[in-house]
Every structure is written in C-alpha cells, then in structure tokens.
Amino acid sequence: MKLTNLRVCNLSEPIGYAMDAPVFSWTTEDCDGSQLWAALSISAGGENVFDSGTVQNADSLGWRVELPLKARTRYDYTLTVRACGGEEASARSFFETGKRNEAWEAQWISPRVSQSAALLEKSFQAEFEEKSARLYICGLGVYEAYLNGEKIGDEYLAPGYHSYDFYLAAQTYDVTKMLKNGENNLVIALGEGWFKGRLGFEGGYTDLYGDRLYAIAELWQGDRLVLSTDESWTERRSPVMFNNIYDGEIWNAWESPTPVGLVEAACPKACGPLQDRLSLPVKEFDRLPAMELIRTPKGDTILDFGQNLTGWVEFKSRLPEGERITLTAGEILQDGEFYHDNYRTAKAEFIYISDGTPRDWIRPHFTFYGFRYMKVDCAFLVAAEDFTAVHLRSAMPQTARFETGNTLVNQLFQNALWGMKDNFLEVPTDCPQRDERLGWTGDAQAISETACQTLYMPAFYRKYLRDMRAEQSVLGGSVPNVVPRIKRDMIGNSGFCPWADAGVIIPWNTWRYYGNKSLLAETYPGMKAWVDFQRQREETIEGPHLVKDGFHFADWLALDNPEPGPFGATDPLYIASAYYFRCAQIVAEAAELFGLPEASEYVQLAADILTAIREKYFDENSLCVEKTQTAAALAVVFGLTEKPQAQGDALNELVEQNGSHLNTGFVGTPILCPALSMTGHHDTAVTVLLQEDFPSWLYSVKLGATTIWERWNSVLPDGRMNPEGMNSLNHYTYGSIAGWMLSWLCGVRPAEPGYRKIILEPRPDRRLGHARAELDTAAGHIVCAWRYEGDSLHYDFTVPFGASAELRLPGETPKELGAGSYAF
Ligand code: BGC
C-alpha cells in the first residue's frame, strides 16, 4: 500500500500560492480495501503545529484544515492512512506560503525610458548559506528573472494572464542554490505581455491594463531581507526590440544592453493589490524536432514539426554578426505553399539578429505561437536538426489514456487532447494562433467536462473562476464573454448564452470530477450571482421564468441554418432558457449540499423555469418543437422532456434523416452522442463518430488534422483552407467527443463527485474491435476495457482504493464491484 498524489489545494508541493487554509488530497494505491482512518501532522520550523489524530471519514478528495498560516513559511506534513484490512502507509510532503498579507518592503519600480521591453538590474552582496533563499516577485506585463546570469525557475510568461484590475499575482522562487558568496546580480527582464501589449481582434487595443512596465521583488535568506526593488536599481536597454503576444518578438543580440540610468519608483495604476499567485506555471512539455525542411515551389523554406502545437521554436545559431533569421508561424500548407491568412492581423513572427556569438539555443521570451509550420527567412542555409518546437502550457498533467482498434478514432482522441493542451495556457483560450487567444467563456464551458476527464484541471479552473468572480463583481453578477475581461466593444460584453453559463457549468464540472467541497464553496457565490442576475433580468419582462430577450451566441457554428453565418438554427431563446434552467438546478443542488436555506428558492425557480420551457417549447407528446439535433439533444441531456426515450427516438430520426451525420455547433456537439447513447441509440452515436466525410470528426483526421478545428469544414475537401475570416485549426470545442469516448464507449462515469462511486457501463461495438480507457481520477486509477476475440468478448476493470463501482454489462443485471482489478 502506498500514498500518492499528495496535494494541497490541488497543487503538488506548492510554493507561494494563495490559500485561506490548506486543503489536502491524496490517492491510495496497491491496496484493494477502503480507508479506516487517516491522520495528518503538520510542522513548521521543526515545531509541530497540527496533529489531527486518527480521523475516520477524513476525505481524501479535500480535507480542509483550519490552520492559521504564517507568511513565508514552509509547512512539512506527514499523512498516514490505515485501511480497513489493517494495512497502513505514510507519506511526507510540504507546502510553503508566500507573502500572504505581509506588507512589501520593496517598492514598485518602472523603467524611465523603455516602453516595450527593459532589463532592470541590481548587484548586491550576499553570502551563500544553507538557509533557504526565496525571491518574491512580480513583473508587468511579463517577466523573466535572472540571478547571476541564470534564469530563475522553469516557468515562462510569468506572472501570467489574470484579472489585473483586481489583483496582481506574485510568484515565489526557491533561489537557495543560485546565490553566491560575495557579489550577486539580479536582472528582471520585462516585456509587454497581455498587460500592455496588443490584445483583441480587428487591430485590438494596447495598454489595456497598464501603460508602462513595472517590477517589484524581495529576496530573503531565511528571515533576512537581502535585496528589494527601489530607486537604486538601474535600467538597461533590452536586446528585445519588439514584443507582444500576437505579433511575436524581435531579439537583437547585436545591440548591447547599455545602461540607461536609474529606474523610477512607480506603482501600477488602476490595478488590484499584490497577492500570492493562483495560476499554474507555464512550463515546457513536449519537445518536437523538425520532421522535415520543405522547399516550396515558390522557393520558401518551411519547417514542419508534424504537430499543431502551442509554444515556440528553439534553434541553434552560427549566424555571422548582423545577420538575421525570421520565423513565421503557420498551421497548414496550401498548394504546397506557406499559409498565414488565418492568423488575421497577428504577425506571429520571431526575428533574431545575430551578434556573431555561436549560440546553441535561441528562443523568444515574451510571446508564444500556435503553429505546425515555421517559414524560415534567412540568407544562410539552415538545417532541420537545428530547430526544435517546444510545447508550452499551464502545468496540468494528463490523466487519461484511451485506445481502440480504429487508428482514425485514436488519432481523433489525440487531436482532442492536443486541442486542450494547446489552449490551456494561463486561461482557457479559444485558439493559440490568431489575434484572439482570449479566455472565451463559451468555448471554456463547452470543453470543461472533457477537460476534467482528461487533464488534472482543478487548480487551473480555480484561478479562472476566481478571475471570473472578480469580473462579475462589477457586472452585477453577469459573466463576460472573455475572462479576464477586455473592456471594449463586443468582446467586453457579458450575459450571452451559453458563454456566461460558464459561471455555473465549469465549477459544477470541477466539483463532479474532483469532489473538492472547499473548492465548490469558493466558487459557489459566483454561480449563484449569475443565476440571480439572469433572474433579475428576465423578471423585468412580464411572463413566466424564461430567457425572453437578448443576444446569444447559442449553437455557434452549427451547420443547420440555411441562412449563411455563424449562428445555428435552434432558437437562441430556447437554448438560453434551457441553460437558465440547468444553472438554477445546479445552484439548488449546491445550496442543498451546503445545507443553505436558500436551496428551496432555487429548487422552486428551476421547477418554474422547467414548467415554462415545457409549455412554450414542447408539444403534447413532450417532444421539443424545435426540430434540430441540438434542441433534441438538450431536451434529453438537461432533462427538459418528460419522455426522454421518445425524445431520444426523435433525435435519432433527425440524425438518420441527415444521413447519420451531425450538424451541431458549440451547444449541440458536446451532448449529441451522449444523448443518443443515453436513449438506446448508441449504435447511431458510433455511426456518427465513424463518418469520414463532411461533416464529421474523422473528416478532419482524414485531411491530416493533428488538433481540432474551429469549423467542421475549416479545411475544404480539396485541402484548401476555408476562406472564412474566422478559421482556426486549433479550437478545442468539438474535441468534447473525447469525453463521450471515455464515458460512453468505455462507459466510465462518476456516480458521485470525484469518482468515489463509479459507473462502469462499457458499450462494446464490433466496428471498433476493442476499447480501453485508463483514468487517473481524484479517487485513483480506473481501468475500463473491452475487446472482441473471435466470438467472445473480454472485459477488464480496475476500481481504485476506497471506491466502488456499479458494473452494467450489456444484457446483465448490474452488480457492485469493490476496489480491485477484475477480468471477465
Ligand atoms: C472565437 C470563439 C468565440 C467566438 C464568440 C470567436 O472569434 O474564436 O471561439 O467563442 O468568437 O464570438
């Protein structure tokens, strides 16, 4: 027996993260029983500060300990778990606080001259000591810090993208081993980032959150403040001549970083206070060598990395002094030539100007790209082996593996995973390449369930939802189109369905998949605020509880509307009312869970909305009068119809009438196959999955996609890009099919939050030969697999420690499985 995945606030060994109280979670492996008790002891500075004793029902999904936390303190803890069978295991881990509410001795400083990038520098005396040394720091827009020439930490693009108007996130780094005896030198390299660089489409805006660069830092050795930012720091010119998220970076190594003079003390205006960080670090994950160097008919040189990904390219340079190399990002080749039009106004370039020094790695600092190809412009010959694509994303591990006997389906699953990984950089973005890369709430909402099934999401969502709640506080509870908010034009609007519904759907999915009640409690006020806002708004118009007006994106990009444009055919007010109902129902359930007296109010509201929806949108047979795939699927999955079976049959008919092809958009796509599988039409769902012609998932796979496209026909059958202005090859929403593969093809679903109770309902289908899902869930490792061998069918299951499963095999009465591994 062993304890694994020890985490605090869903973070492993966190240093300097915001937390009111530590919430512990873990998994138990190599034991088939359940927990009898757990015990936790916590120490700080060698002194015991907490001892739980043995606690029965200690919750491994989230055990909150009301421990008053001190600033800048490392807490070591030992967790012991005893299983009912008498086995016992212990494990140690730690967490460390940042500055919490402690006042900063350091001053905010700002370069006097440089506007776009600068180096702020200070030399100082220190002694190497075994005592831990920590740097507490924030740089705006984005920064990298260097101690004695070495980059501090392994994260990039800090402090990340958050709602700067409400708070500024400070990072904590362990620099113990980097300090030297005697003179040391700290450099903070600043760039524009999301804070002041260009953001938003159609040209976008600059200086959205601030109009200059800033930094603040304190270096502590044990209890001694060794260095802090103040007016004695100097400013140097940065070799980064130009940078922003969309257009890329120019790094002129030729220009020497000459000193400009002293910095100025200046505090970021109109921003919130400094606080400990919430966001996961952006780190390097995969490194992909260039697969091929292509010379196009027109004479361009293009590197192909074989995978559409988010990050940047590192390369080796032996260029002579003054020579330059330009890389430009692209997602696809068209007629064998480089194609960049779908980046719209985003230049997505990296220019390096050599100073003649041979360098083994060169990379950008203050930008990132979405790309599979890089066009190389250089007067000198380049070799493919000198270039490596580096995938960057927020550091959440992958938790699901899935495989079938169909290679196209397997590729689709991988594409869906890449689509999510590529779009989880600081915020859940719509796409990583063009002039957007924004935290669109609708896209985020639509993929959130699949994300929770495949990646370890809670800390990432905790930060996104904290930002969302902050933005809601100035919108009367409404949820904006993008979080953090861009306070301009249409992007800055709020309250559109089902974008705003992210405020309820994402926290609820996080609860369902991770079962951390403290996290749900933290996000509950935002959930409630959105439903209250909706209610107030709809009550200004007389009539039953329904969404009665307003603009809604609704079934965005569905194919069922004969009118050209991005809007689906399903009545947006039906969709908005359905989400209003679902959100009210979720808030009611959450309120009941916390034993809040307001629960009954939301139970009643949900019931009223449902009655009104049924009256307006359902006929006497309880079938939706909106005759679209999306409308019917919503009726089934949200429980709007009184006759789910009949509604499922009607949905099946609509799909068959469409040649067993889908025609759904952002609302319908994530729920189409689940609705079919739930109502006895799983065969049709598999048929829809296996279609290879437009519109289908495998259509994109057959055309060589390595990610999920924004549109069903982002690429036309002849391999040319759809010329529509809004067309990315890396949008994750339709990747939600990966969730259905796990929960319906393999049939693994949480029956209780955090998979403590599991449903295992495999749906073997000969067309796929076999399917195997392995999930590292909050409760532990789950396996569900089936395979045909000649005429016989074999199953494998694993149920984790402390969990139980209801096994539903086709044609058999359900049976209960305890922890353990099984083969049938
Ligand atoms: C984005 C979307 C987003 C939509 C809403 C697009 O430009 O890429 O995915 O949700 O706008 O209008």
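Rules and cut-offs
Residues numbered from 1 in each chain as written. Predicted model: local features only at pLDDT ≥ 70, side-chain atom pairs only at ≥ 80, totals over all residues. Heavy atoms only, no water. Helix = DSSP H or I, 4+ residues; strand = E, 2+ residues; numbered from the N terminus. Rg over C-alpha atoms; globule rule 2.2 N^0.38 Å. Contact = heavy atoms within 4.5 Å. Areas by Shrake-Rupley, 256 points an atom, 1.4 Å probe, with all protein chains shown as cover. Lys, Arg positive; Asp, Glu negative; His and termini not counted. Charge placed at Lys NZ, Arg CZ, Asp CG, Glu CD. Core = buried A, V, L, I, M, F, W, Y, C linked by side-chain atoms within 4.5 Å. Buried < 20%, exposed > 50% of the residue type's maximum accessible area, 1.4 Å probe, protein only. 1 Å grid on protein atoms, 1.4 Å probe; cavity = no way out; pocket = protein on both sides within 12 Å on 5 of 7 lines; lining within 4 Å. Points joined across faces, edges and corners; volume = space filled by probe spheres on them. Nonpolar A, V, L, I, M, F, W, Y, C, P; charged D, E, K, R; others polar. Expected span 1.5 Å × (residues − 1). Bend = angle between axes of the 7 residues up to and from the residue. Salt bridge = Lys/Arg side-chain N within 4 Å of Asp/Glu carboxyl O. Near = heavy atom within 4 Å. Polar contact = N/O pair within 3.5 Å; in protein donor to acceptor, adjacent residues only side chain to side chain. Pairing = 2+ DSSP bridges. Phe/Tyr/Trp six-rings, centres within 6.5 Å; stacked < 30°, edge-to-face > 60°. Axes fitted to C-alpha atoms, helices over the stretch in contact; angles between N-to-C directions. Parallel < 35°, antiparallel > 145°, perpendicular 65-115°, else oblique. Left-handed = near helix turned anticlockwise from the far one by under 90°.

Caption draft 1: Local environment of the overall build of the chain. Counting its secondary structure elements, the chain contains 14 helices and 44 strands. Taking 824 residues into account, the globule formula puts the C-alpha radius of gyration at 28 Å, and the chain, at 27 Å, falls close to it. Summarising its shape, the C-alpha atoms of the chain cover approximately 80 × 70 × 65 Å along the three principal directions. Expressed as a percentage of contacts within the chain between residues at least 6 apart in sequence, the contacts between residues at least 24 apart total 72%. Taken as a whole, the chain presents about 29,100 Å² of accessible surface, with 48% of it coming from carbon and sulfur. Computed over 74 positive and 110 negative side-chain charges, the separation of the two mean positions in the chain equals 3 Å.

Caption draft 2: Quick look at the nonpolar core. In this structure, Phe424, Tyr574 and Leu760 are the most contacted members of the largest nonpolar core, which totals 234 residues. Ranked by residues supplied to this core, first place goes to helix α7 (residues 572-593) with 14 residues. Residues contacting Phe424, with those up to four places away along its chain left out, are Arg393, Ser394, Met396, Ile447, Ala451, Leu455, Met457, Phe460, Tyr461 and Tyr732. Formed by 28 residues, the second largest nonpolar core is a distinct cluster that contains Leu135, Ile152, Ala215 and Leu219.

Caption draft 3: Quick look at the layout of surface pockets. Its volume calculated, the largest pocket comes out at about 1,000 Å³. Lining the largest pocket are 41 residues, and of these Glu13, Pro14, Ile15, Phe94 and Thr172 sit closest to its centre. Elements with a contribution of two residues or more to the lining of the largest pocket: β1 (2-8), β6 (74-83), β7 (88-96), β10 (133-140), β14 (168-174) and α4 (458-472). Quantified by volume, the second largest pocket comes out at close to 860 Å³. For the lining of the second largest pocket, the residue count by class is 20 nonpolar, nine polar and five charged.

Caption draft 4: Structural view of the environment of Gln604. When you line up the elements, Gln604 lands in helix α8 (residues 599-617). Gln604 sits in the partly exposed class, given a relative accessible area of 46%. Separated by 159 residues in the primary sequence, Gln604 and Gln445 place their C-alpha atoms 25 Å from one another.

Caption draft 5: Layout of helix α3 (residues 441-454). Taking 1.5 Å of rise per residue, the 14 residues of α3 would be expected to cover 20 Å, and the 19 Å separating its terminal C-alpha atoms lies within 8% of that figure. Maximal helix bending in α3 amounts to about 50 degrees, located at Ser448. Within α3, 13 of the 14 residues are buried, which leaves the element mostly enclosed by the surrounding structure.

Caption draft 6: Just the pattern of salt bridges, in detail. Tallying each qualifying case throughout the model produces 52 salt bridges. A salt bridge links Glu264 to Arg212, with the shortest nitrogen-to-oxygen separation between them at 3.1 Å. In this pair, Glu264 sits in strand β22 (residues 264-265) while Arg212 sits in the loop between α1 (193-196) and β16 (214-221), placing the two residues 52 residues apart along the sequence.

Caption draft 7: Region of interest: the site of the ligand. For the ligand, the full set of nearby residues is Asp430, Arg434, Glu436, Trp440, Asp443, Trp499, Phe553, Trp556, Phe666, Glu710, Met726 and His731. In this structure, an oxygen atom belonging to the ligand sits 3.0 Å away from a side-chain N or O atom of Trp499. One of the side-chain nitrogen or oxygen atoms of His731 is found 2.9 Å away from an oxygen atom of the ligand. Bound to the protein, the ligand loses 97% of the 310 Å² it would expose on its own. Taken together, the residues of the shell around the ligand sort by class into six nonpolar, one polar and five charged.

Caption draft 8: Here's a closer look at the pairing of strand β3 (residues 35-44). Within β3, eight of the 10 residues are buried, which leaves it mostly tucked inside the rest of the structure. Across nine bridges, β3 lies against β6 in antiparallel orientation. Directly across from Ser43, in β6, lies its bridge partner Asp76. In the sheet, β3 pairs with strand β4 (residues 47-51) via four bridges, with the strands oriented antiparallel. Residue pairing in the sheet places Ser41 in a bridge with Asp51 of β4. Hairpin connection, β3 to β4: the antiparallel pair is bridged by two residues, and Gly45 has positive phi, about 55 degrees.

Caption draft 9: Broad picture of the sheet that holds strand β2 (residues 23-29). Judged by pairing direction, the sheet is antiparallel, and its three strands sit side by side in the order β1-β2-β5 without closing on themselves. Bordering the open sheet on either side are β1 and β5 (63-64), each of which pairs with just one other strand. For β1 and β2, the ladder comprises five bridges, and the chain directions are antiparallel. Each bridged residue has a counterpart across the sheet, and for Lys2 the counterpart in β2 is Glu29.

Caption draft 10: Molecular detail of the packing of aromatic side chains. With the rule as written, the count across this model stands at 49 aromatic pairs. With 6.1 Å between their ring centres and 35 degrees between their planes, Tyr161 and Tyr164 make a pair best called tilted. With relative accessibility at 1%, the residue Tyr161 sits in the buried group. Centroid distance Phe402 to Phe413: 5.0 Å. Interplanar angle 40 degrees. Geometry classified as tilted. Of this pair, Phe402 sits in strand β34 (residues 400-404) while Phe413 sits in helix α2 (residues 407-422); the two residues are 11 residues apart in sequence, bridging distant segments of the chain. Of the residues examined, Phe402 reaches a relative accessible area of 6% and is grouped as buried. Residue Phe413 is classed as buried on the basis of its relative accessible area of 1%. Ring pairing ties together the aromatic residues Trp440, Phe496, Trp499, Phe551, Phe553, Trp556, Phe567, Phe666, Trp697, Trp712 and Tyr734, which thus form one cluster.

Caption draft 11: Here's a closer look at the environment of Glu202. One can find Glu202 in the loop between α1 and β16. Overall, the relative accessible area of 76% leaves Glu202 in the exposed class. Taking the C-alpha atoms as reference, Glu202 lies 33 Å from Glu255; in sequence the two are 53 residues apart.

Caption draft 12: Fine view of the packing of helix α5 (residues 502-514) against helix α6 (residues 517-539). Interhelical geometry of α5 versus α6 gives an angle of 160 degrees and a closest axis separation of 8 Å. If you check the angle between α5 and α6, you find them roughly antiparallel. Seen along the crossing, α5 lies across α6 with a hand that is left-handed. Here Gly503, Val504, Pro507, Trp508, Thr510 and Trp511 of α5 lie close against α6, whose contacting residues are Lys517, Leu519, Leu520, Thr523, Gly526, Met527, Trp530 and Val531. The residue inventory of the contact of α5 with α6, partitioned by class, reads nine nonpolar, four polar and one charged.

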